[in-house]
There are 2 protein chains.
Amino acid sequence: MPVVGIVGGGQLARMTAQAAVSLAVEVRVLAAPGEESAAPWVTARGATGTLGEDGFLDGVDVLTFDHELVDPARVEAAELRGVVVRPGSATLRFADKAHQRERLAAAGIPVPPFAVLQSAAGAGALAAAHGGWPVVLKAARGGYDGRGVAVVADEAAAAAFAGSRTVVVEPLLPLERELAVLVARRPGGEAVVYPPVQTLQVDGICHELVAPAPVGADLADAAAALALRVADLCGAVGILAVELFVVDGRLLVNEVAPRPHNSGHHTIEHAATSQFENHLRAVLDWPLGATTPRTPAAAMVNVLGNGDVDPRDRLPAALARGPASVHLYAKGPRAGRKLGHVTALGDDPAEVRGRARRVAAALSGAA
Amino acid sequence: MPVVGIVGGGQLARMTAQAAVSLAVEVRVLAAPGEESAAPWVTARGATGTLGEDGFLDGVDVLTFDHELVDPARVEAAELRGVVVRPGSATLRFADKAHQRERLAAAGIPVPPFAVLQSAAGAGALAAAHGGWPVVLKAARGGYDGRGVAVVADEAAAAAFAGSRTVVVEPLLPLERELAVLVARRPGGEAVVYPPVQTLQVDGICHELVAPAPVGADLADAAAALALRVADLCGAVGILAVELFVVDGRLLVNEVAPRPHNSGHHTIEHAATSQFENHLRAVLDWPLGATTPRTPAAAMVNVLGNGDVDPRDRLPAALARGPASVHLYAKGPRAGRKLGHVTALGDDPAEVRGRARRVAAALSGAA
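Residues numbered from 1 in each chain as written. Chains lettered and ligands numbered in written order. Predicted model: local features only at pLDDT ≥ 70, side-chain atom pairs only at ≥ 80, totals over all residues. Heavy atoms only, no water.

Student: How should I be thinking about the overall build of chain A in this particular structure?
Tutor: Counting its secondary structure elements, chain A contains 11 helices and 17 strands. Taking 21 Å as the expected radius of gyration for a compact globule of 367 residues, we find that chain A reaches 20 Å, a close match to that expectation. Overall, the C-alpha framework of chain A stretches about 55 × 50 × 45 Å when taken along its three principal axes. Among the 367 residues that make up chain A, the fraction classed as buried is 59%. For chain A, contacts bridging at least 24 residues in sequence account for 63% of all contacts bridging at least 6. When the accessible surface of chain A is summed, it comes to about 13,100 Å², and 52% of that surface belongs to carbon and sulfur atoms. Charge centroids of chain A, computed over 33 positive and 38 negative side chains, lie 2 Å from each other. (Helix = DSSP H or I, 4+ residues; strand = E, 2+ residues; numbered from the N terminus. Rg over C-alpha atoms; globule rule 2.2 N^0.38 Å. Buried < 20%, exposed > 50% of the residue type's maximum accessible area, 1.4 Å probe, protein only. Contact = heavy atoms within 4.5 Å. Areas by Shrake-Rupley, 256 points an atom, 1.4 Å probe, with all protein chains shown as cover. Lys, Arg positive; Asp, Glu negative; His and termini not counted. Charge placed at Lys NZ, Arg CZ, Asp CG, Glu CD.)

Student: Would you mind going over the pairing of strand E12 (residues 205–211) of chain A with me for this structure?
Tutor: The side chains of a regular strand alternate, residue by residue, between the two faces of the sheet. Residue and element names in this part refer to chain A. Among the 7 residues in E12, 6 count as buried, and that is most of the element. Here 5 bridges tie strand E11 (residues 197–202) to E12, and the two strands are oriented antiparallel to one another. Across the sheet, the residue bridging to Gln201 is Cys206, located in E12. Counted between consecutive antiparallel strands, the loop separating E11 from E12 contains 2 residues, among which Asp203 sits at a positive phi close to 50°. The pairing of E12 with strand E15 (residues 297–304) spans 4 bridges and is classified as antiparallel. In the strand pairing of E15, Ala211 is matched with Ala298. (Pairing = 2+ DSSP bridges.)

Student: Explain the packing of helix H10 (residues 311–319) of chain B against helix H11 (residues 349–364) of chain B to me, please; I cannot follow it from the model alone.
Tutor: Helix-helix packing is characterised by the crossing angle of the two axes and by the distance between the axes. Residues and elements named next belong to chain B. For the pair H10 and H11, interaxial distance at closest approach is 7 Å and the crossing angle is 135°. What the angle tells us is that H10 and H11 run oblique. Handedness of the crossing formed by H10 with H11: right-handed. Within the contact between the two elements, H10 uses Pro311, Arg314, Leu315 and Ala318 and H11 uses Val359, Ala362 and Leu363. Split into classes, the residues belonging to the contact of H10 with H11 amount to 6 nonpolar, no polar and 1 charged. (Axes fitted to C-alpha atoms, helices over the stretch in contact; angles between N-to-C directions. Parallel < 35°, antiparallel > 145°, perpendicular 65-115°, else oblique. Left-handed = near helix turned anticlockwise from the far one by under 90°. Nonpolar A, V, L, I, M, F, W, Y, C, P; charged D, E, K, R; others polar.)

Student: What am I meant to see in unusual backbone geometry here?
Tutor: As a rule of thumb, non-glycine residues mostly have phi less than zero, and peptide bonds are mostly trans rather than cis. Backbone torsion omega between Arg86(A) and Pro87(A) reads 0°, so that peptide bond is classified as cis. Within the secondary structure layout, Pro87(A) lies in the loop between helix H2 (72–80) and helix H3 (89–92). Phi is positive for Asp203(B), which is not a glycine, with a value near 55°. Looking at the secondary structure, you find Asp203(B) in the loop between strand E11 (197–202) and strand E12 (205–211). Under the relative-accessibility criterion, Asp203(B) is labelled exposed at 69%. Even without a glycine there, the phi angle at Ala330(B) is positive, about 60°. Structurally, the position occupied by Ala330(B) is in the loop between strand E16 (325–328) and strand E17 (338–346).

Student: Explain the sheet that holds strand E6 (residues 135–139) of chain B here, please?
Tutor: Paired through backbone hydrogen bonds, the strands of a sheet run either parallel or antiparallel to each other. Residue and element names in this part refer to chain B. Taken in spatial order, the 4 strands line up as E5-E8-E6-E7 in an open sheet, and their pairing is antiparallel. Across the chains shown, the open sheet's two edge strands, defined by having one partner strand only, are strand E5 (115–117) and strand E7 (149–152). Looking at each pair of strands side by side, their axes are set apart by 30° on average, direction ignored. Running at roughly 55° to strand E8 (residues 167–171), helix H4 (residues 97–106) makes contact with E5, E6 and E8 of the sheet.

Student: Help me out: how do you make sense of the side chain of Ser22(A) in this one?
Tutor: Among the structural elements, Ser22(A) can be located in helix H1 (residues 11–22). Of the residues examined, Ser22(A) reaches a relative accessible area of 8% and is grouped as buried. Those residues in contact with Ser22(A) that sit more than four places away from it in its chain are Gln18(B), Val326(B), His327(B) and Leu328(B).

Student: Explanation requested: the packing of helix H5 (residues 120–129) of chain A against helix H6 (residues 155–162) of chain A in the structure shown.
Tutor: Residue and element names in this part refer to chain A. One can describe the packing of H5 onto H6 by two numbers: an axis separation of 8 Å at closest approach and a directional angle of 130°. One finds that H5 runs oblique with respect to H6. Of the two elements, H5 crosses H6, and the hand of that crossing is right-handed. Across the interface between the two elements, Ala120, Ala121, Ala123 and Gly124 from H5 touch Glu155, Ala158 and Ala159 from H6.

Student: Whenever I open this one, the pattern of salt bridges confuses me. Can you help?
Tutor: A side chain of one charge can pair with a side chain of the opposite charge when the charged atoms of the two come close. Residues and elements named next belong to chain A. Using the criterion set out here, one finds 27 salt bridges over all chains in the structure. Across the pair Glu208 and Arg357 runs a salt bridge, and its minimum N-O distance is 2.8 Å. With a gap of 149 residues between them, Glu208 in strand E12 and Arg357 in helix H11 (residues 349–364) connect regions that are remote in the sequence. What makes Arg357 partly exposed here is its relative accessible area of 38%. Put simply, Asp310 and Arg312 hold a salt bridge, and the shortest N to O gap is 3.1 Å. Of the residues examined, Asp310 reaches a relative accessible area of 14% and is grouped as buried. Residues joined by salt bridges that share partners form a network here, namely Arg101, Lys138 and Glu170. (Salt bridge = Lys/Arg side-chain N within 4 Å of Asp/Glu carboxyl O.)

Student: How do you make sense of the interface of chain A and chain B when you look at a structure like this?
Tutor: Many descriptions give the size of an interface as the accessible area lost when the pieces come together. Facing 29 residues of chain A, the contacting portion of chain B comprises 29 residues. Each partner contributes to the roughly 2,700 Å² buried at the junction of chain A and chain B, and carbon and sulfur atoms together form 63% of this total. For the pair chain A and chain B, the number of links is 0 salt bridges. Connecting chain A to chain B are 9 residue pairs in polar contact (both at pLDDT 80 or more). The set of elements that each furnish at least two residues to the side of chain A that touches chain B consists of H1, helix H10 (311–319) and strand E16 (325–328) of chain A. Taken together, the residues of the side of chain A that touches chain B break down into 19 nonpolar, 5 polar and 5 charged. (Buried area = accessible area lost by both parts, 1.4 Å probe. Polar contact = N/O pair within 3.5 Å; in protein donor to acceptor, adjacent residues only side chain to side chain.)

Student: When you look at the relation of the copies chain A and chain B in this model, what are you seeing that I'm missing?
Tutor: A rotation about an axis combined with a shift along that same axis relates the two copies of the chain. Of the two same-sequence chains, chain A is brought onto chain B (RMSD 0.0 Å, axial shift 0.0 Å) by a rotation of 180°. Both copies of the chain, as the preceding transformation shows, are related through a two-fold rotation axis. For chain A, the minimum C-alpha distance to the rotation axis belongs to Gln18(A) and amounts to 3.0 Å. The overlap is high: 100% of the interface residues of chain A also sit at the interface in chain B, so the same surface is used on both sides. (Least-squares fit on C-alpha atoms with pLDDT ≥ 70 in both.)

Student: Please clarify how the sheet that holds strand E7 (residues 149–152) of chain A should be interpreted in this entry.
Tutor: Residue and element names in this part refer to chain A. If you walk across this open sheet you meet the 4 strands as E5-E8-E6-E7, and the pairing is antiparallel. At either margin of the open sheet sits one strand with a lone partner, and together these are strand E5 (115–117) and E7. Adjacent strand axes in the sheet meet at a mean angle of 30° when their direction is disregarded. Sheet analysis places strand E6 (residues 135–139) next to E7, joined by 4 bridges and oriented antiparallel. Bridging across to E7, Val135 finds its partner in Val152.

Right, dumping it as structure tokens:
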């Protein structure tokens, strides 16, 4: 029975472990002290930067990740010791937004206009060249769910945000919509792609998605092809999520994440193979599963923390407002925190979105 | 976070625990020494007849079952101590096939002609009244997967099979087909029913099923209505599986099982709510989930033990023969043992059955 080690004990590890049950794959989760989500299966506690020195890797066949906030140099050191790490250190380096943008741009992948900011004056130069202030600043490392991102109106604000960090600056683009495409890719390069979805982001946090994305077949096909190119470029193994902007009918790669991703949670019910199962199959170098949707439409709505409301207390009432598939992460409530998600399947995009929203609102206490 | 205790650590406990992850329900499994299937979550070991004396029930909100081979008197004693047991002892008494047949017949539920055998001469009398030898003998208690059932050709064989056990005898009926209907029922009587499936049984072991059952709407509706009547009669809480014979176009209740059941494994992918989630929702007295199918057709094929072939070793090759959803139970191989199952969804019943069979055969080494 193969053993997959996962660095990080968040909801992605939790749902990967849940998927692993069906394949009789053993999962061992290395969670940071105090982390609570994947609790039933956490088999080790420790700084997630220690990749093997503490015995966590003994008997682990493949090491993978719940998040990309790991030091690629330590991952590389583990690889040099012979640990099978998927995705590998070269792919994980793409978690650095500056590295990512530079590599994508160099390969001719369409990305937003950007600069890697060396000084606040650099932000001003980009603003001047692309329609003026405000501009968007993104910390190269450590950000997630809108953290590490700011819209700033002048050089002083840019300097205050950047501090001593490496920061990517880009214009505030007039987005028509945001799409996301998931790719599952094996070590040898075999890959499958999920149909593009449209995401709704608020303050950098994914609130909901609809699948398939309500775009023409040409744009959907172009998005899928672009994601496959990006996955090859990153040398991705496992799931790679590619977040796209649509601006003036054109696709721009906003960001990539080398792991299962919020924009694929609907695949648990909607796809012939979930992103979590395909992540496991890919990192184990097993044949990948079909990504075919089971119904014409799906919607996924996140359950975000709302004060001290605990969705677990509201679950029975929320279930009565379905039908929908509820996933709770067993995390303590905190404002804005992702505590769960709700997926609805059906024939009509508006109807499934309404149903998923209704159940999610009942869970978060917003309704 | 509610805590559900499960007596028995087989694949039904395993898949119930997997479903519980989504609802943030904690599951504690009481497995017999040496039992291996639900391994990652087994939280206690001990004789499964000890219902509370050993501390297993401390903190458990509801106690339920992976199998019905428990002593109803001990369950009743636990209830008298205040333990919430669902299904309760009165329902669990229906696991006794003699009790079950007598109660169903007394309530006017159509069942096969039968007698509770007191002597081998009784088998002869039933044979004489219903077309002669051979007849079918079923041990009232302790049987599963064809064990405890025999087709016997004369009184001597009947006497040898029965020994000192209580045995039900029935004629060997000319079955047109076998159906199964699952009901999920809450303590107050609210219930939902899954669309009837057709099962293929070989030597008393379920080999495969197709959903929906290929019968007319009238028969399907009658089967669903009959299952709901039986669930009421049994006072079922949680899933109740009702196995039906079709003889001369008429429905006869062959057997009931007060727990998640092999004939509902396809619901993990095929139904809006799986039997495992609805079992949890029912025993927690939460609103039940919709049973609507996601695709026009589904087939489920069991992976049965074939010598010492371990399906885990054949998983990568089998996955390449999909698309299909594979569920392995992490049980050691043994001839005839249920080691996993494969579900395929699609539009055409013959196509999905072929696909599920192909993957299951690759896992069991039969292809």
